[in-house]
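If you want the building blocks of each chain, they are given just below.
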Amino acid sequence: MSSEHSQGHDEHHQLSWWRTYVFATDHKMIGLQYGITALFFLLFGFCLMMLMRWQLAYPGQPLPVIGKWLGSANMPDGVMLPEFYNQLGAMHGTIMVFMGIVPLAVGAFGNYIVPLQIGAADMAFPRINMVSYWAFFVGGVVMLTSFFIPGGAASSGWTSYTPLADIATTGQTFWIIGMVCLITSSLLGAVNFITTIIQLRTKGMTFMRLPFFVWAQFVTAFLLLLAFPPLEAAAILQLMDRIAHTSFFLPSGLVVSGQPLEISGGGSVLLWQHLFWFLAHPEVYVLILPAMGVIAEILANNTRRPLSGYKSLVYSVLFIGFMSFIVWAHHMYLTGMGTTISAFFQATTMIISIPSVIILTVFFLSLWGGSIRFTIPMLFALAFLPMFGIGGLTGLPLGLNITDIPLHDTYYVIAHFHYIVAPGTIFALFAGIYFWFPKITGRRMNDVLGHIHFWPSLICMNLIFMPMFIQGLAGVSRRLYDGGAEYAHAQGTLHLNVLISWSAWILAIFQLPFIFNLIWSLFKGPKSNDNPWESTTLEWATPTPPPHGNFVKIPEVFRGPYEYSLPGAKTDFAPQCQQIVT
């Protein structure tokens, strides 16, 4: 990065309020916009799930207090209709994944932290960065608006399988338009991240000196860039089926409500599944890789020692990125694929688990011999390790044809996936918020409120998802709006729905201390110095909070990202931009 480039950022005119806070081009403000918006969507998506949990715990009973507020079309006399339950399920999955976790993990953390960690003044394309956020915002608004149109929101599942999605209510059209906006946002962001990391690294910041968080975001950007276009194309084709009466996904001979569907036919319902899962399996790694990057930063900092295998982490994450594109059809064993192709996808699925195990092993080994500081970020990071381990281990039976077929679409799948993304990814994102909050705001969050947030959340997460493994092994389908009350094989697990639901509601209560802590600490939290955690990476070498242009002086990097406890050094940490450490 040239000095002229830096000066161009420093010598800026005073921007208006709208340009500073709304139509911002500074990567830090855009990161905050992503973060605040994504946290709102996560809370909203969580509320949808809590409504579903009432129906599953107490099927057919009126929802107290707020049931009648939700309208007679959805909940006559406060009792949830199956159609509304399906809307909640489809939108919960869509909002949490595409409007919550991905924007928070990539849009917020990636935007704010990556330029700081590589010594850049901003992202490579600031205006494209701004457009990326607003495409995400518009997509989210379109999704939420669909709840208020006749027929309600999309109800064909977060996967929107055809032909059901092709003939669903108008809410599905809003879902498609919203997804096109969200996908466009991710594509613009991906191009920006890749260009920024390749082109704007400061002097001395070689690829093997990049913090692992940057590597994780780098690979994630390639996943977004390569995997999202097929789904965007599929969404447009489905939109054409719905409004232009094409039949890309509609086969001949369909009968709806006893009447033959008048279409040209000849479409393929499996084509949608292939296009969707070609995105949606790499999407799992879009969720987890940034989380792993956050965990790496916090583990190294709070063990006061280098990560035990930095290069192993880098090569593993690169291998995951490559392999994630050739495992998608393990979601499609029930479509009747041949034994040869099943064997191929079984093999690739087992192979892709190896680098994940390597990453988890490196994290555990990094704890050995460390001088562990049990800070709030470290508690969330430590909880991530076994939770992600449970999620990964329970995924192996779903990668094998013979065991996936009886487990497919049961609560076992719900439990496996949520162990990856709830006590897994979301815990990592909580850790990141507590860890970088002092750098972003100049103030520390309250530790007591952090403990009140962490411990009940850890307990409730396990009480929610562990019983679902039992339900899944009993064969209870995830699609039943009454939790299986009408099915003989589900009778023995109905009591678990009450336990799970109450655990979810208690979990919601213990998110309130976090929300209060976040807002209160912003104004009243104890002030922080530039490097409160005594960390080594470049973001801690900036003023707090970082100004426009980030660095007072362009930094130069002299060493790797995790040089802790060096023999003979005056301190137990050696910042990357510090030349002499002894």
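Our subject is the structure that appears above.
Positions within a chain are numbered from 1, following the residues in the order the chain's sequence is written. It should be noted that, the model being predicted, local features are given only for residues of pLDDT at least 70 and side-chain atom pairs only at 80 or more, the latter also being counted only at that level, while totals for whole chains, interfaces and linings use all residues. Hydrogens are left out, water is left out, and the side-chain values use all remaining heavy atoms of the structure.

S.K.: How would you sum up a nonpolar patch on the surface? Please name residues and give values.
M.R.: To count toward a patch, a residue needs a relative accessible area over 30% and no salt bridge; like charges are then connected within 9 Å, while nonpolar side chains (Val, Leu, Ile, Met, Phe, Trp, Tyr) are connected within 5 Å. Accessible areas in this description were obtained via Shrake-Rupley with a 1.4 Å probe; residue shielding takes into account the shown protein chains only. Throughout this description, the term salt bridge denotes a Lys or Arg side-chain nitrogen within 4 Å of a carboxyl oxygen of Asp or Glu. Among the surface-exposed residues, Leu 43, Ile 509, Leu 512, Ile 515, Ile 519, Leu 522 and Phe 523 lie close enough to one another that they form a single nonpolar patch of about 660 Å² accessible area. Looking at which element gives the most residues to the nonpolar patch, the answer is helix H16 (residues 512-524), with five residues. Secondary structure is summarised from DSSP: a helix means a run of H or I of at least four residues, a strand means a run of E of at least two, and numbering begins at the N terminus for each. Here Phe 523 is to be found in helix H16. When a residue's accessible area, from a 1.4 Å probe over protein chains only, is under 20% of the maximum for its type it is buried; when over 50% it is exposed; and in between it is partly exposed. Its relative accessible area of 55% is what places Phe 523 among the exposed residues.

S.K.: Could you give an account of helix H15 (residues 494-509), naming the residues involved and the relevant values?
M.R.: The terminal C-alpha atoms of H15, which comprises 16 residues, lie 24 Å apart, in line with the 22 Å expected from a rise of 1.5 Å per residue. Of the positions making up H15, those classed as buried are Leu 496, Asn 497, Ile 500, Ser 501, Ser 503, Ala 504, Trp 505, Leu 507 and Ala 508. The inward-facing, buried residues of H15 abut helix H3 (27-57), helix H14 (447-473) and H16. Working rule for helices: expected span equals 1.5 Å times residues minus one. When checking whether two residues touch, look at their non-hydrogen atoms; a contact exists if any pair is within 4.5 Å.

S.K.: A description of the environment of Gly 31 should follow, citing residues and the corresponding values.
M.R.: Secondary-structure assignment places Gly 31 in helix H3. A sequence separation of 99 residues divides Gly 31 from Met 130, and the C-alpha atoms of the two residues are 9.9 Å apart. Apart from the residues lying within four places of it in its own chain, the contact partners of Gly 31 are Gly 107, Ala 108, Asn 111 and Tyr 112.

S.K.: Kindly report on the packing of helix H8 (residues 269-303) against helix H13 (residues 411-441), identifying the contributing residues and their values.
M.R.: The axes are straight lines fitted to the C-alpha atoms, using for helices just the contacting stretch, and the angles between their N-to-C directions are given from 0 to 180°. At a minimum axis distance of 9 Å, the contact between H8 and H13 shows a crossing angle of 45°. If you check the angle between H8 and H13, you find them oblique. Where H8 crosses over H13, the handedness of that crossing is left-handed. Contact residues: Val 284, Leu 287, Ile 288, Ala 291, Val 294, Ile 295, Glu 297, Ile 298 and Asn 301 in H8; Phe 417, Ile 420, Val 421, Thr 425, Ala 428, Ala 431, Gly 432, Phe 435 and Trp 436 in H13. Of the residues contributing to the contact of H8 with H13, the split by class is 14 nonpolar, three polar and one charged. Each angle receives one of four descriptions, namely roughly parallel if under 35 degrees, roughly antiparallel if over 145, roughly perpendicular if within 65 to 115, and oblique otherwise. Helix crossings are classified by the rotation of the near helix relative to the far one: an anticlockwise turn of less than a right angle makes the crossing left-handed, while a clockwise turn makes it right-handed. In this classification, the charged set is Asp, Glu, Lys and Arg, the nonpolar set is Ala, Val, Leu, Ile, Met, Phe, Trp, Tyr, Cys and Pro, and all remaining amino acids, among them Gly, are polar.

S.K.: Any details on the layout of surface pockets? Residues and values, ideally.
M.R.: Space inside and on the surface of the protein is sampled on a 1 Å grid over the protein atoms alone, with a cavity defined as a set of points where a 1.4 Å probe fits but cannot get out and a pocket as an open set with protein on both sides within 12 Å along at least 5 of 7 lines; lining residues have an atom within 4 Å of a point. Grid points are joined across faces, edges and corners, and a volume is the space filled by probe spheres set on the points. Reported here for the second largest pocket is a volume of approximately 520 Å³. Lining the second largest pocket are 19 residues, with Cys 47, Leu 48, Leu 51, Ile 66 and Leu 70 sitting closest to its centre. Breaking the lining of the second largest pocket down by element, the ones donating at least two residues are H3, helix H4 (82-118) and H15. Grouping the constituent residues of the lining of the second largest pocket by class yields 18 nonpolar, one polar and no charged.

S.K.: Give me the lowdown on the packing of aromatic side chains, citing residues and values where you can.
M.R.: A pair of Phe, Tyr and Trp rings is counted when the ring centres sit within 6.5 Å of each other, with Trp represented by its six-membered ring. The angle between the planes then sorts it: under 30 degrees is stacked, over 60 is edge-to-face, the rest tilted. Scanning the entire structure with this criterion turns up 51 aromatic pairs. Between Phe 249 and Trp 272, the aromatic rings sit 5.5 Å apart at their centres with planes inclined by 85°, giving edge-to-face as the arrangement. Placement of the pair is Phe 249 in the loop between helix H7 (212-243) and strand S1 (255-256) and Trp 272 in helix H8, with a sequence separation of 23 residues. Classification of Phe 249 as buried rests on a relative accessible area of 0%. Residue classification places Trp 272 among the buried positions, given a relative accessible area of 1%. Summarising the aromatic geometry, the rings of Tyr 434 and Phe 514 are spaced 5.9 Å apart at their centres and angled 55° between planes, so their arrangement reads as tilted. Pair noted here: Tyr 434 is in helix H13 and Phe 514 is in helix H16, with a separation of 80 residues, a long-range link. Taken individually, Tyr 434 and Phe 514 each receive the classification buried, so the pair is uniform in this respect. Pairwise contacts between aromatic rings join Trp 17, Trp 18, Tyr 21, Phe 23, Tyr 34, Phe 40, Phe 41, Tyr 133, Trp 134, Phe 136 and Phe 137 into one cluster.

S.K.: Give a description of the side chain of Ser 342 that names residues and reports values.
M.R.: Structurally, the position occupied by Ser 342 is in helix H10 (residues 339-367). With sequence-adjacent residues up to four places away left out, Ser 342 is seen in contact with Tyr 333, Met 337 and Asn 401.

S.K.: Give a detailed account of the side chain of Glu 539, specifying residues and quantitative values.
M.R.: The topology assignment puts Glu 539 in the segment after H16. The buried charged residue Glu 539 lacks any salt bridge partner; its closest oppositely charged side chain belongs to Lys 439, at an N-O distance of 8.3 Å. In terms of polar contacts, Glu 539 uses its side chain to reach the side chain of Gln 117, at 3.1 Å. Positive charges are assigned to Lys and Arg, negative charges to Asp and Glu, while His and the chain termini are left out of the count. Within 3.5 Å is the distance limit for a polar contact, defined as a pair of N or O atoms, with the added protein rule that one can donate a hydrogen and the other accept it, and that residues adjacent in sequence qualify only through two side-chain atoms.

S.K.: So, the nonpolar core: which residues are in play, and what are the values?
M.R.: The nonpolar core is taken to be a set of buried Ala, Val, Leu, Ile, Met, Phe, Trp, Tyr and Cys residues, with the residues joined through side-chain atoms within 4.5 Å. In this structure, Leu 289 and Phe 363 are the most contacted members of the largest nonpolar core, which totals 176 residues. With 21 residues, H4 is the largest single contributor of residues to this core. Each residue touching Leu 289, except ones within four places of it in the same chain, is listed here: Ala 216, Val 219, Thr 220, Leu 223, Val 317 and Ile 320.

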